[in-house]
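# Observations on the model geometry
The residues making up each chain are set out below.
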Amino acid sequence: MTLEHTSAPTLQAERALRLARDTLDIEAAAVLGLKQNLGESFARAVAMVLDVRGRVVVMGMGKSGHIGRKITATLASTGTPALFVHPAEASHGDLGMIKSVDLVLAISNSGESEELTAILPVLKRLGVPLIAMTGHVESTLARHADVFLDCGVEKEACPLNLAPTASTTAQLALGDALAVALLDARGFKAEDFARSHPGGALGRKLLMHVSDVMRSGDAVPHVGPHANFSELMREMSVKGLGATAVVDDHLNVLGIFTDGDLRRLVEQGLDLRTTTAAEVMHPNPSTIARDALAVEAAEMMELRCITSVLVVDASGQLCGALNSNDLMRAKVI
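Residues numbered from 1 in each chain as written. Predicted model: local features only at pLDDT ≥ 70, side-chain atom pairs only at ≥ 80, totals over all residues. Heavy atoms only, no water.

## Topic: the nonpolar core
In terms of nonpolar packing, the biggest core is built from 27 residues, with Val56, Leu75, Leu105, Ile131 and Leu149 touching the most fellow members. Elements represented by at least two residues in this core include exactly α2 (40-51), β1 (56-60), α3 (62-77), β2 (82-84), β3 (103-107), β4 (130-134), β5 (147-150) and α8 (166-185). Here valine 56 is in contact with Val49, Leu75, Thr80, Pro81, Ala82, Leu83, Leu103 and Leu105, once residues within four sequence places are set aside. Val210, Ile288, Leu293 and Met300 belong to the second-largest nonpolar core, a separate cluster that totals 20 residues. (Core = buried A, V, L, I, M, F, W, Y, C linked by side-chain atoms within 4.5 Å. Buried < 20%, exposed > 50% of the residue type's maximum accessible area, 1.4 Å probe, protein only. Helix = DSSP H or I, 4+ residues; strand = E, 2+ residues; numbered from the N terminus. Contact = heavy atoms within 4.5 Å.)

Written out as structure tokens, the structure is:
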């Protein structure tokens, strides 16, 4: 018995590039074409979602299901409680996840997906509002919906006009449009977004405070104004901040001395052995409140071209310090 060997496909670079450009043109046209279909029905859909007391239940089969999952995630992360329910699983028990206080957003390009149309009677009996996102206004799904959102496209990007390409791009874009309109209507802010993304970069920037990343207690380098230069350098070396605060007996900040200040004094040829902290410090240094956002500290350092900043409490007393390395370790910058 011999095995037949099939030759590997031959790449035709020019054809591949032409098809790629055609795909982008077709999908871009599909998204732009949605604008002329937007109208009163879209506004009604936004109002329905805002009025719902439960969740938006997104449903879709096949590629529309994949798009539905992404739309679900976008809605949930921008202030609209949402979950995805697979239509086929819904007929085998998952319909119990849908309550009368919910709203269903059903996605199907044809509007004739059997798994979706099979559960329409149950949704009607429950009194669940239905928004249909489909490309065919006369489809079963569109006719049974309370609101119809037209996401129809002239053709797919697939050369065979078969694989869902432009149609799924249009669904995704329309879902994003719905989510954006909703977050604006809810007055959703960056801080709200950060609360649902605490592990992300935005969450760290908008939720992390200076007090979360600063050095505190014995780790904060500080000396009195009469400390000699040896004491000043010892404090800087032991604490490893690259700077030390100069404070009075009540921990009020008088000044700061940094590695940069040391280099400048050495270049000037000053006899540092006879100097005190008060004589070499930089007076009235930049400080930041402990309850300020960590990203504000990063912005201050960048704006003022400094690498360390002292932290003060509500009474203005020294309570911490941090430098750019602390912010980098916390992934604020």
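Picking up where we left off.
## Quick look at the sheet that holds strand β8 (residues 253-258)
Strand order in this open sheet of four strands is β6-β7-β8-β9, and the pairing throughout is mixed. Two strands close off the open sheet at either side, each with one partner strand: β6 (222-223) and β9 (282-283). Across five bridges, the pairing between strand β7 (residues 243-247) and β8 is antiparallel. When the sheet's bridge partners are listed, alanine 243 is paired in β8 with threonine 258. Contacting β6, β7 and β8, helix α12 (residues 229-239) crosses the sheet at an angle of about 75 degrees to β8. (Pairing = 2+ DSSP bridges. Axes fitted to C-alpha atoms, helices over the stretch in contact; angles between N-to-C directions.)

## Topic: the sheet that holds strand β10 (residues 287-289)
The mixed open sheet is built from three strands, whose spatial order is β10-β11-β12. At either end of the open sheet lies a strand with only one pairing partner, and these are β10 and β12 (318-323). Ignoring strand direction, the axes of neighbouring strands in this sheet form an average angle of 35 degrees. Pairing of strand β11 (residues 308-312) with β12, which is carried by five bridges, proceeds in the antiparallel orientation. In the sheet register, valine 309 faces β12, and the bridge partner there is leucine 322. Lying on the sheet, helix α15 (residues 294-304) is in contact with β10, β11 and β12; it crosses β10 at an angle near 165 degrees.

## Concerning the layout of surface pockets
Reported here for the largest pocket is a volume of approximately 340 Å³. Ile256, Thr258, Ile306, Thr307 and Ser308 are, among the 21 residues lining the largest pocket, the residues nearest its centre. Secondary-structure elements contributing two or more residues to the lining of the largest pocket are β8, α13 (259-268), β11 and α16 (324-329). Among the elements that take part in the lining of the largest pocket, α13 stands out by supplying four residues, more than any other. Looking at the lining of the largest pocket residue by residue, the class counts come to seven nonpolar, 11 polar and three charged. Taken together, Ile26, Ala29, Ala30, Gly33, Leu34, Gln36, Asn37, Gly152, Val153, Glu154 and Lys155 make up the full set of residues lining the second largest pocket. Residue composition of the lining of the second largest pocket, by class: five nonpolar, four polar and two charged. (1 Å grid on protein atoms, 1.4 Å probe; cavity = no way out; pocket = protein on both sides within 12 Å on 5 of 7 lines; lining within 4 Å. Points joined across faces, edges and corners; volume = space filled by probe spheres on them. Nonpolar A, V, L, I, M, F, W, Y, C, P; charged D, E, K, R; others polar.)

## Focus on a negative patch on the surface
On the surface, Asp291, Glu296, Glu299 and Glu302 cluster together to form a negatively charged patch. Judged by relative accessible area, aspartate 291 falls into the exposed class, the value being 59%. (Patch = residues over 30% accessible without salt bridge, like charges linked within 9 Å, V, L, I, M, F, W, Y side chains within 5 Å. Areas by Shrake-Rupley, 256 points an atom, 1.4 Å probe, with all protein chains shown as cover. Salt bridge = Lys/Arg side-chain N within 4 Å of Asp/Glu carboxyl O. Lys, Arg positive; Asp, Glu negative; His and termini not counted. Charge placed at Lys NZ, Arg CZ, Asp CG, Glu CD.)

## A word on the pairing of β1
Burial of β1 is extensive: five of the five residues sit out of reach of the surface. Bridge count between β1 and β2: three bridges; the pairing is parallel. Counterpart to valine 56 in the pairing with β2 is alanine 82. For the crossover from β1 across α3 to β2, the handedness is right-handed. Where β1 and β3 come together, five bridges link them in parallel fashion. Note that in β3 the partner of methionine 59 across the bridge is alanine 106. (Right-handed = clockwise from strand over helix to strand, strands pointing away.)

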